[in-house]
Amino acid sequence: MKPLVCLLTAVAAALLPTATRASDTTEMMHRLRDPKGGLIIVAHRGCHRAAPYRGLGPVPENSVAALDQCVALGVEVMETDVRRTRDGYLVMVHDETVDRTTDGHGKVRDLTLAQIKALHLRQDMGGAGQVVTDQTVPTLTEMLVHAKGRILLNLDVKDAIYGEVVAEVERAGLQDGVIVKTFAGTGSLPLAAIAPYDRVSFAVIPVSGDGSGVDVPAIVDAQMGARRHPIAIELPYLAEARLAPIAARTRALGVRLWVNTLFDGFVLGGFSDLDALRDPDAVWGRLCGAGVSIIQTDEPAALARFSGRAGSSCNPGKKKLIEAAFATSSRDLRPLR
């Protein structure tokens, strides 16, 4: 093997966080529970976007193929959505209906598992113009089996079925392989002491009942008061000016701060995935510098590349050797689009 190829191979391995090269998810969960464990990338509905520099094309959201691509990219957490069918099965569908993501029609709650399994998923994030694939809607059981030992799942439970979801996770023996997403307000009791959150890792999204500004620090204080506490605080939409005091509070309490750059960006004013693809330092780098240590994105491949670069605020410890090595590869150092 040529020396340059050897160097690039070694550097490519170094670009992946240590936990992504673990043989199972134990180290991934250990790093996630450590507020100082470095950046965690959460792939929104899986790694459904194309990653040409890794030879990966688009695949359907919330599919086993999207999970496989996350594993290939070294992403440690896949966010995915859970709903219940008419006959009581738990399936991975984001919307109330299957219209956008499959070649079928109807509400998930009105369809049986057999009817949903007869449908095929559309490419990427779906829509009428997207190609129909051979992928089908996975059940929660199938997704858990496929993820076990390979990647952590962040479960966004779309119906009032939290107990059923956690029971399914327990049957699969994956209490330490998932993070359940849930909500809490200023009047909520510490959820860690309440079933089913007393049996599984969970992340809290602070909410306000009347649509006014959410008192995130107060909710963080309340939720961190119990012996067990959330694995992370996932921020709702808020102004950038509110980020610093919240980050200071989560840092003082020893809990990770989670921000979404999905859609228009949950930190308002230019913190979207599209903004990040134009200028990753101004979005992902700025968030990491502000104390955010979990970023959920529809562009996990781009974020993984950025966070692995020497000098990145999301990974400040990488050596300059990495930049120098990749500067020799015109294919792998193309600017982020």
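Anyway, here's the lowdown on the structure attached to this text. (Residues numbered from 1 in each chain as written. Predicted model: local features only at pLDDT ≥ 70, side-chain atom pairs only at ≥ 80, totals over all residues. Heavy atoms only, no water.)

Our next topic: helix 2 (residues 26-33). For helix 2, every residue scored as buried is listed here: Met 28, Met 29, Arg 31 and Leu 32. Angular distribution of buried residues about the axis of helix 2 spans 160 degrees; they occupy a single face of the element. Within helix 2, the exposed residues directed more than 90 degrees away from the buried face are Thr 26 and His 30. In this structure, the buried residues of helix 2 make contact with strand 1 (40-44), strand 4 (152-157), strand 5 (178-184), strand 9 (256-260) and strand 11 (294-297). (Buried < 20%, exposed > 50% of the residue type's maximum accessible area, 1.4 Å probe, protein only. Helix = DSSP H or I, 4+ residues; strand = E, 2+ residues; numbered from the N terminus. Arc of directions from axis to C-beta. Contact = heavy atoms within 4.5 Å.)

The subject of this paragraph is the environment of Glu 240. Mapped onto the fold, Glu 240 is located in the loop between strand 8 (238-239) and helix 8 (243-253). When the C-alpha positions of Glu 240 and Gly 269 are compared, they lie 7.4 Å apart, and in sequence the two are 29 residues distant. Discounting residues that sit within four places of it in the chain, Glu 240 has contacts with Val 267, Leu 268, Phe 271 and Arg 286.

Throughout the structure, instances matching the rule amount to 21 salt bridges. One salt bridge in this structure joins Arg 100 and Asp 95, with 2.8 Å as the shortest N-O distance. On the basis of relative accessibility, which here comes to 18%, the residue Asp 95 falls in the buried class. Here Asp 275 and Arg 278 are joined by a salt bridge, their closest N and O atoms 3.4 Å apart. One end of the pair, Asp 275, and the other, Arg 278, are both in helix 9 (residues 273-278), 3 residues apart, so they sit about a helical turn from each other. Because the salt bridges share partners, they merge into one network encompassing Arg 45, Glu 61, Asp 95 and Arg 100. (Salt bridge = Lys/Arg side-chain N within 4 Å of Asp/Glu carboxyl O.)

The subject of this paragraph is the packing of helix 5 (residues 140-147) against helix 6 (residues 162-171). Running from N to C, helix 5 and helix 6 cross one another at 40 degrees; their axes reach a closest spacing of 10 Å. Comparing the axis directions of helix 5 and helix 6 gives the class oblique. Helix 5 and helix 6 meet at a crossing whose hand is right-handed. Here helix 5 contributes Leu 140, Thr 141 and Leu 144 to the contact with helix 6, which in turn contributes Val 165, Glu 168 and Val 169. Class assignment of the residues belonging to the contact of helix 5 with helix 6 gives a composition of 4 nonpolar, 1 polar and 1 charged. (Axes fitted to C-alpha atoms, helices over the stretch in contact; angles between N-to-C directions. Parallel < 35°, antiparallel > 145°, perpendicular 65-115°, else oblique. Left-handed = near helix turned anticlockwise from the far one by under 90°. Nonpolar A, V, L, I, M, F, W, Y, C, P; charged D, E, K, R; others polar.)

Moving on, we get to the state of the cysteines. In the structure shown here, the tally under the stated rule is 2 disulfides. Put simply, Cys 47 and Cys 70 are joined by a disulfide, and their sulfur atoms are 2.2 Å apart. Its torsion about the S-S bond being 105 degrees, the disulfide of Cys 47 and Cys 70 is classed as right-handed. Taken together, the residues span a long stretch of sequence, with Cys 47 in the loop between strand 1 and helix 3 (64-73) and Cys 70 in helix 3 at a distance of 23 residues. Assigning the bonded cysteines of the protein chain consecutive numbers by sequence position, one obtains the connectivity 1-2, 3-4. (Disulfide = S-S within 2.5 Å.)

What follows is about helix 5. Every buried residue of helix 5 is accounted for by Leu 140, Met 143, Leu 144 and Ala 147. When helix 5 is viewed along its axis, its buried side chains cluster within an angular range of 100 degrees and face the same direction. The inward-facing, buried residues of helix 5 contact helix 3, strand 2 (77-84), strand 3 (90-91), strand 4, helix 6 and strand 5. Downstream of helix 5 by a residue or two, Gly 149 has a phi angle that is positive, lying close to 75 degrees.

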